[in-house]
Amino acid sequence: MSRKEVATEDRTEQNHHDCPSTVRSFLTDHAGETFSMMTPCGFVELAAAQVEALLDGQSAVAHPGVAGITMELSADELLEQTIHSANLKDGVWYLMTQFPEMEYSGPEMGVMQ
């Protein structure tokens, strides 16, 4: 790849380092855009209209990367996930998401001997 190609590539891909904490806030901040997400539940592709439907509470379709297999993913389950990374390339946001850290407020659990 030539230097000119690398420079063009760098402009078309934007790293989003200070990502909002949740998928919900990221989608809201980037309304009208297209997304390709790798989530713990599978891959989710969303056009702008699908983002609006998701924010209105409609479920999304996820696929685990195996042809012909899909699963329904509730809006809450997807929107509450946190952003691990976000990159913009050729007009599509590529997101990697994860489940939010579980908070534990009970007593410490230890091993009984």
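Note that the structure is predicted; figures quoted are calculated from it, not measured.

Inspection of the entire model under this criterion finds 2 aromatic pairs. Measuring from ring centre to ring centre gives 6.2 Å for F26 and F35, while their planes differ by 75°; the resulting arrangement is edge-to-face. For the pair F26 and F35, a shared accessibility class is recorded, and that class is buried. Ring geometry for F26 against W93: centres 5.0 Å apart, planes inclined by 90°, an arrangement best described as edge-to-face. Residue F26 is located in helix α2 (residues 23-29), and its partner W93 is located in strand β7 (residues 92-98); the two are separated by 67 residues in the primary sequence. Classification of F26 by relative accessible area gives buried; the value is 0%. Grouping aromatic residues by their ring pairs yields a cluster made of F26, F35 and W93.

Another aspect to go through is the environment of H84. The topology assignment puts H84 in strand β6 (residues 82-89). By relative accessible area, H84 is classed as partly exposed at 48%. Distance in space between the C-alpha atoms of H84 and V23 is 9.9 Å, their sequence separation being 61 residues. If we ignore the near neighbours within four places in the chain, the residues touching H84 are M96, T97 and Q98.

Not every positive phi belongs to a glycine, and D90 is a case in point at roughly 50°. Along the chain, D90 falls in the loop between β6 and β7. Classification of D90 as exposed rests on a relative accessible area of 63%.

Reading the values: the criteria
- Residues numbered from 1 in each chain as written.
- Predicted model: local features only at pLDDT ≥ 70, side-chain atom pairs only at ≥ 80, totals over all residues.
- Heavy atoms only, no water.
- Phe/Tyr/Trp six-rings, centres within 6.5 Å; stacked < 30°, edge-to-face > 60°.
- Buried < 20%, exposed > 50% of the residue type's maximum accessible area, 1.4 Å probe, protein only.
- Helix = DSSP H or I, 4+ residues; strand = E, 2+ residues; numbered from the N terminus.
- Contact = heavy atoms within 4.5 Å.

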